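Each chain is listed here by its residues.
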Amino acid sequence: MTQDELKQAVAKAAIDYVVDGEIIGVGTGSTANFFIDELGKIKHRIKGAVASSEATAERLRSHGIQVLDLNDVDTMPVYIDGADEINGGGAMIKGGGAALTREKIVASVAQKFVCIADGSKLVDVLGKFPLPVEVIPMSHAVVARKLAALGGEPRLRLKDGKPVVTDNGCYIIDVLGLAITDPADVEDKINNIVGVVTNGLFARQGANVCLLGTSEGVKKLEF
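1. Considering the sheet that holds strand β5 (residues 92-93)
At step 1: Read across the open sheet, the 3 strands follow the order β4-β5-β13; overall the sheet is antiparallel. Each of the sheet's edge strands pairs with one partner strand only, and the pair in question is β4 (85-86) and β13 (201-202).

2. Some words on a nonpolar patch on the surface
At step 1: Residues I136, M138 and V197 make up a contiguous nonpolar surface patch of roughly 310 Å² in combined accessible area.
At step 2: Counting through the fold element by element, V197 comes out in strand β12 (residues 196-199).

3. A word on the nonpolar core
At step 1: By size, the foremost hydrophobic cluster in this structure holds 25 residues, and its most contacted members are I24, F35, L39, I80 and L211.
At step 2: Among the elements of the structure, α1 (3-14), β1 (23-26), α2 (30-39), β2 (48-51), α3 (54-62), β3 (76-81), β6 (110-118) and β14 (209-214) are those that each provide at least two residues to this core.
At step 3: It is α1 that provides the largest number of residues to this core, a total of 4 residues.
At step 4: Those residues in contact with L211, other than ones at most four positions away along the chain, are V10, A13, A14, Y17, V114, C115, I116, A117, V218, K219 and K220.
At step 5: L70, V106, V109 and F202 belong to the second-largest nonpolar core, a separate cluster that totals 20 residues.

4. A few points about the pattern of salt bridges
At step 1: Considering all chains together, one arrives at 12 salt bridges under this definition.
At step 2: A salt bridge links R45 to D20, with the nearest nitrogen and oxygen atoms 2.8 Å apart. In this pair, R45 sits in the loop between α2 and β2 while D20 sits in the loop between α1 and β1, placing the two residues 25 residues apart along the sequence.
At step 3: Given the relative accessible area of 48%, D20 is considered partly exposed.
At step 4: For K41, the salt bridge is made with E38, and the minimal N-O distance between the two is 3.2 Å.
At step 5: With relative accessibility at 10%, the residue E38 sits in the buried group.
At step 6: Bridged by salt links that share partners, the residues D81, K94 and E103 form one connected network.

5. Some remarks on the environment of G64
At step 1: With respect to the helices and strands, the residue G64 is situated in the loop between α3 and β3.
At step 2: For G64, a relative accessible area of 52% puts it in the exposed group.
At step 3: Along the chain, G64 and K121 lie 57 residues apart, while their C-alpha atoms are 31 Å from each other.

6. Quick notes on the side chain of D118
At step 1: Looking at the secondary structure, you find D118 in strand β6.
At step 2: A polar contact is formed between the side chain of D118 and the side chain of Q3, at a distance of 3.2 Å.
At step 3: Within the local environment of D118, its side chain forms a polar contact with the side chain of S120, the two groups lying 2.3 Å apart.
At step 4: Contact partners of D118, with chain neighbours within four places excluded, come to Q3, L6, K7, L212 and G213.

7. A look at the packing of α2 against α3
At step 1: Viewed as axis vectors pointing N to C, α2 and α3 meet at an angle of 25°, and their least axial separation amounts to 9 Å. Put simply, α2 runs roughly parallel to α3. Seen from above, α2 lies across α3 with right-handed handedness. Note on element contacts: α3 touches α2 through T56, R59 and L60, opposite N33, I36, D37 and L39.
At step 2: Counted by class, the contact of α2 with α3 contains 3 nonpolar, 2 polar and 2 charged residues.

8. Thoughts on the sheet that holds β2
At step 1: Within the open sheet, the 6 strands sit side by side as β2-β1-β3-β6-β14-β15. Their pairing is mixed. The sheet is open, and its two edges are formed by β2 and β15 (217-222), each paired on a single side. This sheet shows a mean twist of 25° between the axes of neighbouring strands, independent of strand direction.
At step 2: As defined by bridge partners, β1 adjoins β2 across 4 bridges and the pair is classed as parallel.

Cut-offs applied
- Residues numbered from 1 in each chain as written.
- Predicted model: local features only at pLDDT ≥ 70, side-chain atom pairs only at ≥ 80, totals over all residues.
- Heavy atoms only, no water.
- Pairing = 2+ DSSP bridges.
- Helix = DSSP H or I, 4+ residues; strand = E, 2+ residues; numbered from the N terminus.
- Patch = residues over 30% accessible without salt bridge, like charges linked within 9 Å, V, L, I, M, F, W, Y side chains within 5 Å.
- Areas by Shrake-Rupley, 256 points an atom, 1.4 Å probe, with all protein chains shown as cover.
- Salt bridge = Lys/Arg side-chain N within 4 Å of Asp/Glu carboxyl O.
- Core = buried A, V, L, I, M, F, W, Y, C linked by side-chain atoms within 4.5 Å.
- Buried < 20%, exposed > 50% of the residue type's maximum accessible area, 1.4 Å probe, protein only.
- Contact = heavy atoms within 4.5 Å.
- Polar contact = N/O pair within 3.5 Å; in protein donor to acceptor, adjacent residues only side chain to side chain.
- Axes fitted to C-alpha atoms, helices over the stretch in contact; angles between N-to-C directions.
- Parallel < 35°, antiparallel > 145°, perpendicular 65-115°, else oblique.
- Left-handed = near helix turned anticlockwise from the far one by under 90°.
- Nonpolar A, V, L, I, M, F, W, Y, C, P; charged D, E, K, R; others polar.

Following this line, the structure appears as structure tokens:
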């Protein structure tokens, strides 16, 4: 199976976690896009969705799904999103699509986080995928120096020679060369750096369920 076929398989499997008559939180990225396409087929079953990015909101609306402001939502049963890496304890690295802050916020409101990913995303130790850190633009140089002091190799994310700007008007620093054996501790340390909005470690609040697409079918991990 191709990677896209694996992503589509987990997207279809995730529909089982949609709660009828309720609001659903939806993530950002290529795997989440497959899920949105599947969600569009059952849009009559849900009240609406909360999007973790402008791109996700646009895709949801293209399927005729009502997009709600998170400020108007007290709680939701489930948040469904992909991951760039996930370990055996449900801790993840996210943010390859630069939506990590909104993803973390929306996930915090949901009662359950369902991660959907192809099998290559499951790792023993997080950090081979560069860790995204969202920062206030004026602070990116000083934050980069402090990230380097933690043992990483920080790189400002660029596109066409200019810094990538998030939906929040911030920059992304990708930290290479980390072997993250204690994800919750690293998440806290980076978030305590002044100028950091948040980082892409989802460890304090990780996945509750992970649906992994493999050549043998969709495998479910529960944490």
